Amino acid sequence: MSKRIVIAGSGFAGLWSALSAARALALGGGAGEGVELVVVSPTPTLVVRPRLYEAVIENMDPDLSALFAAVGVRHLTARIEAIHTAEHALEIVASDGTRSRLNYDKFVLAAGSTLFRPPVPGIAEFAFNVDQLDDARVLDAHLASLAHRPATPGRNTVVIAGGGFTGIETAAEMPDRLRKALGDTAGAAIRVVVIEQAAGIGPDLGPVPRPVIEAALAECGVEILTGTAVTGIDADGVTTSAGERIASATVVWTAGARANALTAQIPGEHDRFGRVHADPYLRAPQAPDVFVTGDVAHAATDDQGNVAVMSCQHALSLGRVAGHNAAAELLGLSLHPYSQPKYVTCLDLGPWGALYTEGWDRQVRLTGQEGKNLKREINTKWIYPPAADRDVVFAIANPDYVIVP
């Protein structure tokens, strides 16, 4: 009787779970040939979310069909609505609305994360974001439309709500982007403001790189307001917790992420982001035959107390390990514990360049154009899917494989 591994999601963690599982099944020989490997997602594409802050968003959703076919993965165009862990079954809804049930022997939840939208008045009606490709397209179209509006301070002002990684990268690009959208007629007096409720910009990045970030944003023409939060958004601007009113026709919300809501259907301990606490092999301890990976997994990266963050960097390795282990456990092969002790960041800072750091204390290693060259290499090559060549894929789908500078 054939067996089935189902992977939920075709993002970075889902893609590499599928490729690594396919590699493990090939290693399993005849036993692996009797296992069906299925990826369930709305489209057979990989949305390159780390780049959606950019002004040009072409080729941000490469098609994975040929790649999946090359390694024997079946893609099912659908979304998962319910997970029944006790029954080893999923309720899925196809694009045409047809509902069905899909059983599994092993299940890998790699459904990613979504933008955190707290109950701030006006956020749903008036805020833009760069969380998903369609969202980025909506923002792009909105910016292009500003040139047709009367020249006012509000039209010429962009507010970025959230001074984390995405907020900083979005803000650094925005002055040049806004000038281009407005046609820079008569040298319009534009304003880009980042609002961060923490005491300093980039709170998760820590104090070491902060002076570099502050200087780079200032050079790009970005203002920083810290120690305050956006408490209201309307068609004409924002109100802050300090009582300040900023006129703006463009408010971009970037304040954090939460694990996909499907995680709530996985029994066990969850962290404040909704992620499932995983064991060293990325299994959900209280859900037999379920693995969690990418942005839905709370997983230790080392024995020093560090935990994977919601990032492409961690999703790639988490995916490789989860996919391998799901297949290996099914075939009786050796499992591979997740470990990713080297941590780096590469923060795009627009025309100023980029900032590359190493270690959880974010020691600065590269800045300016040197950092930008590395960021470009990461964004345009390293994180994109490999060629649809089975041998090439299996060579880099090993759970030990980690791309770091």
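Scroll up for the structure.
This is a predicted model, so every value here is computed, not measured. Starting afresh in each chain, residues are numbered from 1 along the sequence in its written order. Only residues with pLDDT of 70 or above have their local features reported here, since the model is predicted, and side-chain atom pairs are shown and tallied only from 80 upward, although totals for entire chains, interfaces and linings are computed over all residues. With hydrogens and water excluded, all non-hydrogen atoms of the structure serve as input to the side-chain values.

Asker: How should I be thinking about unusual backbone geometry in this particular structure?
Answerer: A negative phi angle is the norm for most residues apart from glycine, just as the trans form is the norm for most peptide bonds. The phi dihedral of Asp289 is positive, around 70°, even though this residue is not glycine. Going along the chain from the N terminus, every DSSP run of H or I of four or more residues is numbered as a helix, and every run of E of two or more is numbered as a strand. Along the chain, Asp289 falls in the loop between strand S17 (276–277) and strand S18 (290–292). A positive phi is found at Arg362, a non-glycine position, where the angle reads about 50°. Topologically, Arg362 is positioned in the loop between strand S21 (354–358) and strand S22 (363–366). For Arg362, a relative accessible area of 10% puts it in the buried group. When a residue's accessible area, from a 1.4 Å probe over protein chains only, is under 20% of the maximum for its type it is buried; when over 50% it is exposed; and in between it is partly exposed.

Asker: Would you mind going over the side chain of Arg362 with me for this structure?
Answerer: The sign given to each residue is positive for Lys and Arg and negative for Asp and Glu; His and the chain ends receive no count. Whenever a carboxyl oxygen of Asp or Glu lies within 4 Å of a side-chain nitrogen of Lys or Arg, that contact is scored as a salt bridge. Here Arg362 occupies a buried position and makes no salt bridge, while the nearest side chain of opposite charge, Asp204, is found at 6.9 Å. One polar contact links the side chain of Arg362 to the main-chain carbonyl oxygen of Asp204, over a distance of 3.0 Å. Residue contacts follow a heavy-atom distance rule, with two residues in contact if any of their heavy atoms lie within 4.5 Å. Ignoring any residue separated from it by four or fewer positions in sequence, one finds Arg362 in contact with Asp204, Leu205, Val208, Pro209, Tyr343, Thr345 and Thr357. In protein, a polar contact requires one atom able to donate a hydrogen and another able to accept it; more generally it is a pair of N or O atoms within 3.5 Å, and residues adjacent in sequence count only if both atoms are side-chain atoms.

Asker: Before we go on, may I ask you to explain the sheet that holds strand S12 (residues 230–234) in this structure?
Answerer: Neighbouring strands of a sheet are bound in pairs by backbone hydrogen bonds; such pairs are parallel or else antiparallel. At least two DSSP bridges between two strands are required for those strands to pair. Read across the sheet, three strands follow the order S12-S13-S14 without closing on themselves; strand pairing throughout is antiparallel. Because the sheet does not close on itself, it has two edges, and the strands there are S12 and strand S14 (245–247). Across the sheet, the mean angle separating the axes of adjacent strands is 20° when strand polarity is ignored. Under this scheme, a helix contributes an axis fitted over its contacting stretch, all axes are lines through C-alpha atoms, and angles between N-to-C directions fall in the 0 to 180 degree range.

Asker: Explain the packing of aromatic side chains here, please?
Answerer: Describing an aromatic ring pair means giving the distance of the ring centres and the angle of the ring planes. Working definition: rings of Phe, Tyr and Trp (its six-membered ring) pair if their centres are within 6.5 Å, and the pair is stacked with planes under 30 degrees apart, edge-to-face with planes over 60 apart, and tilted otherwise. Applying the stated criterion across every chain yields a total of two aromatic pairs. Ring centres of Tyr343 and Trp360 lie 4.0 Å apart, and the angle between their planes is 15°; on these two criteria the pair is classed as stacked. Here Tyr343 is found in the loop between helix H8 (312–331) and strand S20 (344–348), whereas its partner Trp360 is found in the loop between S21 and S22, with 17 residues between them in sequence. Trp360 sits in the partly exposed class, given a relative accessible area of 23%. In this scheme, the term charge over a ring applies when either NZ of a lysine or CZ of an arginine sits within 6 Å of the ring centre and within 35 degrees of the ring normal. Sitting above the plane of the Phe116 ring, Arg258 keeps its charged end 3.8 Å from the centroid. A cation over a ring is seen here: Arg320 above Trp16, with NZ or CZ 4.0 Å from the ring centre.

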